[in-house]
Amino acid sequence: MASTPKQPEPAVVRQQADVRGRLPFGDTQDFADATRGLIARREPNAVTADDGTVVWDNDTYAFLKGDAPDSVNPSLWRQSQLVAEQGLFEVVEGIYQVRGFDLSNITFVEGDSGVVVIDPLLGTETAAAALALYRQHRGERRVTGVIYTHSHVDHFAGVKGVTTQDDVDAGRVPVLAPSGFLEHAVSENVYAGTAMGRRAAYMYGAALARGPQGSVGAGLGQTTSTGTVTLIPPTVEIHTTGQEETVDGIRMVFQMAPDTEAPSEMLIYFPAFRALCTAEDATHTLHNLLTLRGAVVRDPHSWAHYLTEAIDLFGDKTDVAFASHHWPTWGQERVVQFLGIQRDLYAYLHDQSLRLINKGWTGAEIAEHLQLPPALENAWSTHGYYGSVSHNLKAIYQRYMGWFDGNPAHLWQHTPVEQGKRYVDFMGGADAVVAKARESFAAGDYRWVAEVLGHVVFAQPDHAAARDLLADTFEQLGYGAENGTWRNFYLSGTTELRDGQFGTPTVAAAPDIIANLSPRMLFDAIAVQVDGPKAWNENLSIDIALTDTGDRYRLRLANGALTYSGAPQKGDADVTLTATAKSLPVLASGQVTPEALAEVGIRVDGDASVLGTLAAVLDPGDPDFPIVTP
């Protein structure tokens, strides 16, 4: 049974009042833009899978009305009201978006004979529901093309809800994506996919009830759907800025923007519509430079550069800018202003961080003291609803300087559990720490309470008073957070402490993702599962001969490491697998008996027991590991 949330403390209530008085809530332009062009809503807007499981329900955010309660930062409440708007919207005549059907938007561009789909959401069920709503009001137009703007799963994984592999293979539906898309789309969801997926469960509030004391949204979108993840590889790659493609009579001019919001990303200009798709490089929030679920640190310097380039290339001929999240911006002057503010935001964070780094400041110090200029602070689109100034500044420090801040005291620290034991002992024992923490809690110093009680919980996980007070502390920090993902992390931590661990609802490493691993990526994915100490004394070799490509690989397990080579090797391996590249991903399942391999057309020659030896030392990740407890 889920625990009952507690009320906001006076310190949080005072903070919310300060936010109401400080920010320009009288500016309602975003509300006009978020509802402009509304054609129809889907009512009710619960989307189900074939077995009846609800994979998306935007109606659960119906409580987002009126003024913000004291349990929600008023700025985040405002953003959530805007993002929860759902339905089919006209961007301009011929371009339509369905918003509020998933974390991201899906866009439909009408061509000569059908419709081109941009970024088909996270799951097939929500994508199919969005397409159905579009067709209900715009006619039964067939899908004549698909575009992935970038390599994040919420922008491609619903593709089989709008088209089929057969139509793509037959050439009826081209799939366009930026260069490097497939490698990044697959690797990000596999190599560290288990850990990232687990943290994403906290980031998007998977275990939280929807409501003023629970989940109100993630800032970029309300949350992630939990439907079927799919992937159809691109058939047309976009390599260079200025490259033009025409699909179904729709002329498109592309701008490459690698290593910005995604390692593989592009913007799209539609000359006939005077419309610019900014992908996820310009939305109505400060975005992540390092997402809390984990990723490679993004490059704010390049991000700012590409937004400048977008202004230079398209600014004087664009009447509307739309993105794969949030709502469009109309009017040539407003578009340029919006892009410029977003550009200045990332440039300021980058340049000021480096200025202070070169004065000896650490990431934590920069994050605590650096403030945005008033003009940026007063622009709603710069607020940290998804990324935050605080964790983005730490990310910039990490990008340039790494994890070490130069202080030798931080060079070889104890693990959190060992630190916790020693801190608690130094501070007079767990009970004494909790007693002092109660005083800090009453004073509203929640950051300090979280710090000291974290040590107690890691030193003595069963200390009930520490767990309870830490849960209360995370709850208050969540109530005060302007950032949607910070709120979700804090409240998810509260849930873990009060109710126990909860699962991870969305598994990005779905069969379609695994099926598109290249052989080398597949071998890497297996290698990171090897339990090194368990494999110290194993020494084996496996040859893999691919009949469809002619490639041959030698895998070798020795010294606890699985390595591979595509160069010719001397001598015979212990066992040889003869297969097609398409059948090879079965190895990722661990089902490597000769019988299981034969079912997918893989021939085994040599000592088949070697495969069992390899399988026995694999140690898959734990998708439900704890985060706020040891």
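Residues numbered from 1 in each chain as written. Predicted model: local features only at pLDDT ≥ 70, side-chain atom pairs only at ≥ 80, totals over all residues. Heavy atoms only, no water.

Student: I would appreciate a short explanation of empty space enclosed by the protein in the present structure.
Tutor: One simple way to see leftover space: roll a probe sized like a water molecule over the atoms. According to the stated counting rule, one finds four cavities of 30 Å³ or more in the structure shown. Volume-wise, the second largest cavity comes out at about 120 Å³. As for the second largest cavity, its lining consists of 16 residues, of which Val-83, Glu-85, Arg-99, Gly-100 and Asn-105 are closest to the centre. Considered class by class, the residues forming the lining of the second largest cavity number six nonpolar, seven polar and three charged. (1 Å grid on protein atoms, 1.4 Å probe; cavity = no way out; pocket = protein on both sides within 12 Å on 5 of 7 lines; lining within 4 Å. Points joined across faces, edges and corners; volume = space filled by probe spheres on them. Nonpolar A, V, L, I, M, F, W, Y, C, P; charged D, E, K, R; others polar.)

Student: Explain the sheet that holds strand β1 (residues 38-40) here, please?
Tutor: Two modes of strand pairing occur in sheets, parallel and antiparallel, and in both the strands are linked by backbone hydrogen bonds. Strand order in the open sheet formed by eight strands is β1-β4-β5-β6-β7-β8-β9-β10, and the pairing between neighbours is mixed. Strands at the two margins of the open sheet, each flanked by one partner only, are β1 and β10 (236-238). Strand-to-strand twist in this sheet, taken as the mean axis angle between neighbours without regard to direction, amounts to 25 degrees. Sheet contacts for helix α4 (residues 124-138): β1, β4 (87-92), β5 (95-99), β6 (106-110), β7 (114-118) and β8 (142-147); angle to β6, the most-contacted strand, approximately 35 degrees. (Pairing = 2+ DSSP bridges. Helix = DSSP H or I, 4+ residues; strand = E, 2+ residues; numbered from the N terminus. Axes fitted to C-alpha atoms, helices over the stretch in contact; angles between N-to-C directions. Contact = heavy atoms within 4.5 Å.)

Student: How do you make sense of the sheet that holds strand β19 (residues 561-565) when you look at a structure like this?
Tutor: Spatial ordering of the open sheet is given by β19-β18-β17-β20-β21, a layout of five strands whose pairing is mixed. At either end of the open sheet lies a strand with only one pairing partner, and these are β19 and β21 (603-606). This sheet shows a mean twist of 20 degrees between the axes of neighbouring strands, independent of strand direction. Direction of pairing for strand β20 (residues 575-579) relative to β21: antiparallel, over a ladder of four bridges. Residue Thr-576 lies in a different strand from β21, and its bridge partner there is Asp-605. Across the face of the sheet, helix α19 (residues 519-527) comes into contact with β17 (540-546), β18 (552-558) and β19 while running at roughly 170 degrees to β19. Of the strands in this sheet, β17, β18, β20 and β21 are in contact with helix α21 (residues 609-616), which crosses β17 at around 110 degrees.

Student: Honestly, the nonpolar core in this entry has me stumped. Any pointers?
Tutor: Note on soluble globular proteins: their nonpolar side chains tend to be buried together. If you look at the biggest cluster of nonpolar residues, it comprises 72 residues, and the most contacted ones within it are Tyr-148, Phe-156, Ile-542 and Ile-544. Take this core: its biggest share by element is six residues, from α4. Among the nonpolar cores identified, the runner-up in size contains 31 residues, and Val-253, Phe-338, Leu-345 and Tyr-397 belong to it. (Core = buried A, V, L, I, M, F, W, Y, C linked by side-chain atoms within 4.5 Å. Buried < 20%, exposed > 50% of the residue type's maximum accessible area, 1.4 Å probe, protein only.)

Student: Hey, could you run me through the packing of helix α16 (residues 464-480) against helix α17 (residues 484-499) in this one?
Tutor: Where α16 meets α17, the closest approach of the two axes is 8 Å, and the angle between their N-to-C directions is 160 degrees. In this view, α16 runs roughly antiparallel relative to α17, as classed from their interaxial angle. Pair α16 / α17 crosses with left-handed handedness. Between α16 and α17, the residues in contact are Arg-467, Leu-470, Ala-471, Asp-472, Phe-474, Glu-475, Leu-477, Gly-478 and Tyr-479 and Arg-487, Tyr-490, Leu-491, Gly-493, Thr-494, Glu-496, Leu-497 and Arg-498, respectively. (Parallel < 35°, antiparallel > 145°, perpendicular 65-115°, else oblique. Left-handed = near helix turned anticlockwise from the far one by under 90°.)

Student: Explain a nonpolar patch on the surface to me, please; I cannot follow it from the model alone.
Tutor: A cluster of nonpolar side chains, Trp-403, Leu-411 and Trp-412, forms an exposed patch at the surface whose accessible area comes to about 520 Å². For Trp-403, the position within the fold is in the loop between α12 (389-401) and α13 (416-426). Judged by relative accessible area, which is 66%, Trp-403 ranks as exposed. (Patch = residues over 30% accessible without salt bridge, like charges linked within 9 Å, V, L, I, M, F, W, Y side chains within 5 Å. Areas by Shrake-Rupley, 256 points an atom, 1.4 Å probe, with all protein chains shown as cover. Salt bridge = Lys/Arg side-chain N within 4 Å of Asp/Glu carboxyl O.)

Student: How should helix α7 (residues 193-203) be read in this particular structure?
Tutor: An α-helix turns once per 3.6 residues; consequently, residues spaced three or four apart project the same way. Taken across its eleven residues, α7 has eight buried, putting it largely inside the fold. Those residues of α7 lying buried are Gly-193, Met-196, Gly-197, Arg-198, Ala-200, Ala-201, Tyr-202 and Met-203. On its buried side, α7 packs onto α6 (181-188) and α17.

Student: Just to check I follow, could you spell out the pairing of strand β11 (residues 244-247) for this structure?
Tutor: Where β11 and strand β12 (residues 250-256) come together, four bridges link them in antiparallel fashion. Looking at β12, one finds that Glu-245 is bridged to Met-252. From the end of β11 to the start of β12, which pair antiparallel, there are two residues, and Asp-248 there has a positive phi angle of about 55 degrees.

Student: Looking at this structure, how should I read the pairing of strand β3 (residues 54-57)?
Tutor: Across a regular strand the side chains alternate sides, sitting on one face of the sheet and then on the other. As paired strands, strand β2 (residues 46-48) and β3 are joined by three bridges and run antiparallel to one another. Bridged to Ala-46 within β3 is Asp-57. Between the antiparallel neighbours β2 and β3 lie five residues, among them Gly-52 with a positive phi of about 90 degrees.

Student: Could you clarify how one ought to interpret the environment of Ala-195 in this entry?
Tutor: Here Ala-195 is to be found in helix α7. Ala-195 sits 122 residues away from Lys-317 along the chain, and the two C-alpha atoms are 44 Å apart.

Student: Help me understand the packing of helix α8 (residues 300-314) against helix α9 (residues 332-357), please; the structure alone is not making it clear to me.
Tutor: As a packed pair, α8 and α9 sit with axes 8 Å apart at the nearest point and diverge in direction by 160 degrees. By the criterion of interaxial angle, the relationship of α8 to α9 is roughly antiparallel. Seen along the crossing, α8 lies across α9 with a hand that is left-handed. On α9, the residues touching Pro-300, His-301, Trp-303, Ala-304, Leu-307, Thr-308 and Ile-311 of α8 are Val-336, Leu-339, Gly-340, Gln-342, Arg-343, Tyr-346, Ala-347 and His-350. In terms of residue class, the contact of α8 with α9 is made up of nine nonpolar, five polar and one charged.

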